[in-house]
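The primary structure of each chain is shown beneath.
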Amino acid sequence: MHEIFKRIEKLGVLPELTLYDAIDSIPIGRAISDGGISMAEVTFRTDVAEDSIRLMSNAIPDMLIGAGTVLNRDQVDAAVRAGAKFIVSPGINPDVVEYCLEKDIPVIPGISTPTDIETALRLGLSLVKFFPAESNGGIRALRAMSEPYPGLKFMPSGGINEENVADYLKSNKVLAVAGNWMATPQMIQFSDIQGITNKSMRAVRLMLGFSFDHIGLNFNKTEEAHNAALEVARIFDEEMFDDVDGFVVGNFFESIRPGGPGTRGHIAFRTYHLGRAIAYLESKGITFDNPYARYDAAGNLSAVISDEEIAGMSLMLIQQ
């Protein structure tokens, strides 16, 4: 997979911006970035797209900026010349796709049918845009249509909002989602910068889907850990079972044998996408370079524990 696509996957949500004044690109880009999303797609639906990409790229160099609604080679050249790092198109135009591939420009064309998908596969693509997603049956249709093509990832766009974004991001077929609910035309028109930041922050929370899983407490002796688990099980009428690291009660408590991570223990949270959650917390100074990582039977990372502690407790992230 192209490195740009890996960055898009970690960020998870791609704000789509249609701008009518290029100067708006800088405050809007910063508002999105302040909300925790360091990427955006500027659509070529207006004649200020090229200037908007250039201004945003120069003012916010750490932001990953792409060009959307790209329909021809001239627009590809204009977008890349302005600083766009990837190209998105509403349909799968072989001329545009082949031109991008010849120039090693990451391209994400739109598809809506199995025929489109097979065209994408013939062109050698590994990522496509499912568009318009909701009008074409939403996540249920995407699951059904993508089943015969296990090697292909999708970036749904069209009709995605706060109410349904989590449904898409829970799917392992979805690399990321795109939409304009974080910076709607109305918000852009009235320069609602704080509103754009707030919507972006909420999009990040919905994307990560953090939920409490359990708390694990460390003990100096195995007998103490065992007795603590028995007492919690008795109080809550839950079953206790012996796990590799300690004693588990229900789905909310674990007493850890000597040698467990964290000074006092750990607090575990589930997330829709472990890679995105790790990238998000690393941006806040939390690292996960320790020997407590866990993997599932297929060799995929399934849980990690932070190096840093909060009040003596490490953070554990679990793939939902």
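Now for a quick tour of the structure. (Residues numbered from 1 in each chain as written. Predicted model: local features only at pLDDT ≥ 70, side-chain atom pairs only at ≥ 80, totals over all residues. Heavy atoms only, no water.)

Regarding its fold elements, the chain presents 12 helices and 17 strands. The buried share among the 320 residues of the chain stands at 52%. Carbon and sulfur atoms form 50% of the exposed surface of the chain, whose accessible area is close to 15100 Å². Where the 28 positive side-chain charges of the chain centre and where its 42 negative ones centre are 2 Å apart. (Helix = DSSP H or I, 4+ residues; strand = E, 2+ residues; numbered from the N terminus. Buried < 20%, exposed > 50% of the residue type's maximum accessible area, 1.4 Å probe, protein only. Areas by Shrake-Rupley, 256 points an atom, 1.4 Å probe, with all protein chains shown as cover. Lys, Arg positive; Asp, Glu negative; His and termini not counted. Charge placed at Lys NZ, Arg CZ, Asp CG, Glu CD.)

Time to look at helix α2 (residues 25-34). Inspection of α2 places Ser-25, Ile-26, Ile-28, Gly-29, Ala-31 and Ile-32 among the buried residues, and these make up the whole buried set. Contact partners of the buried residues in α2: β1 (13-17), β2 (39-43), α3 (49-59), α9 (185-189) and α10 (193-208). Phi for Gly-36, located one or two positions after α2, is positive at around 105°. (Contact = heavy atoms within 4.5 Å.)

Time to look at the packing of α2 against α10. At their nearest, the axes of α2 and α10 sit 7 Å apart, and the two run at 35° to each other. Where α2 crosses over α10, the handedness of that crossing is right-handed. Facing Pro-27, Ile-28, Ala-31, Ile-32 and Asp-34 of α2, the residues of α10 in contact are Ile-193, Ile-196, Thr-197 and Ser-200. Class assignment for the residues of the contact of α2 with α10 results in 6 nonpolar, 2 polar and 1 charged. (Axes fitted to C-alpha atoms, helices over the stretch in contact; angles between N-to-C directions. Left-handed = near helix turned anticlockwise from the far one by under 90°. Nonpolar A, V, L, I, M, F, W, Y, C, P; charged D, E, K, R; others polar.)

Here the focus is helix α1 (residues 3-11). Because each turn of an α-helix spans 3.6 residues, side chains separated by three or four positions in sequence point in the same direction. Among all positions of α1, only Ile-4, Phe-5, Ile-8 and Leu-11 are buried. Each buried residue of α1 lies within a common arc of 125° when the element is viewed along its axis, so the set occupies one face. Following α1 by one or two positions, Gly-12 adopts a phi angle in the positive range, close to 85°. (Arc of directions from axis to C-beta.)

With that settled, consider the pattern of salt bridges. Once the charged atoms of two side chains with opposite charge are near each other, the side chains can pair. Considering all chains together, one arrives at 11 salt bridges under this definition. Note that Glu-162 and Lys-199 form a salt bridge whose closest N and O atoms lie 3.4 Å from each other. With Glu-162 in the loop between β8 (153-156) and α8 (165-169) and Lys-199 in helix α10, the pair connects residues that are 37 residues apart, well separated along the chain. With a shortest N-O distance of 2.7 Å, Glu-231 and Arg-234 are connected by a salt bridge. (Salt bridge = Lys/Arg side-chain N within 4 Å of Asp/Glu carboxyl O.)

The subject of this paragraph is the sheet that holds strand β6 (residues 110-111). In space, the 3 strands of this open sheet follow the order β6-β7-β8, with parallel pairing throughout. At either margin of the open sheet sits one strand with a lone partner, and together these are β6 and β8. As paired strands, strand β7 (residues 127-130) and β8 are joined by 4 bridges and run parallel to one another. Along β8, the bridge assignment pairs Lys-129 with Met-155. (Pairing = 2+ DSSP bridges.)

With respect to the element layout, Glu-147 can be found in the loop between α7 (138-146) and β8. On the accessibility criterion, Glu-147 (58% relative accessible area) is exposed. Taking the C-alpha atoms as reference points, Glu-147 and Lys-173, 26 residues apart in sequence, are found 9.0 Å from one another.

As for its placement among the helices and strands, Ile-318 is situated in strand β17 (residues 313-319). Taking the C-alpha atoms as reference, Ile-318 lies 9.6 Å from Ala-277; in sequence the two are 41 residues apart. If we skip the residues at most four places from it in the chain, Ile-318 touches Asp-213, His-214, Ala-268, Phe-269, Arg-270, Thr-271, Leu-274, Ser-302 and Ala-303.

This next bit is on the packing of aromatic side chains. Tallying each qualifying case throughout the model produces 2 aromatic pairs. Aromatic pair Phe-212 and Phe-269: ring centres 6.3 Å apart, planes at 80°, arrangement edge-to-face. Pair noted here: Phe-212 is in strand β10 (residues 211-218) and Phe-269 is in strand β14 (residues 265-271), with a separation of 57 residues, a long-range link. Its end group placed over the ring of Phe-131, Lys-129 keeps NZ or CZ at 4.5 Å from the ring centre. The ring of Phe-247 has Arg-257 lying over it, and the distance from NZ or CZ to the ring centre is 4.7 Å. (Phe/Tyr/Trp six-rings, centres within 6.5 Å; stacked < 30°, edge-to-face > 60°. Lys NZ or Arg CZ within 6 Å of the ring centre and 35° of its normal.)

Here we come to the environment of Gly-151. Here Gly-151 shows up in the loop between α7 and β8. The sequence separation of Gly-151 and Lys-173 amounts to 22 residues, and the corresponding C-alpha distance is 9.0 Å.

Let us look at the side chain of Asp-213. Examined against the element boundaries, Asp-213 turns out to sit in strand β10. Among all residues touching Asp-213, those that are not within four sequence positions of it are Asn-251, Phe-252, Ala-268, Phe-269, Arg-270 and Ile-318.

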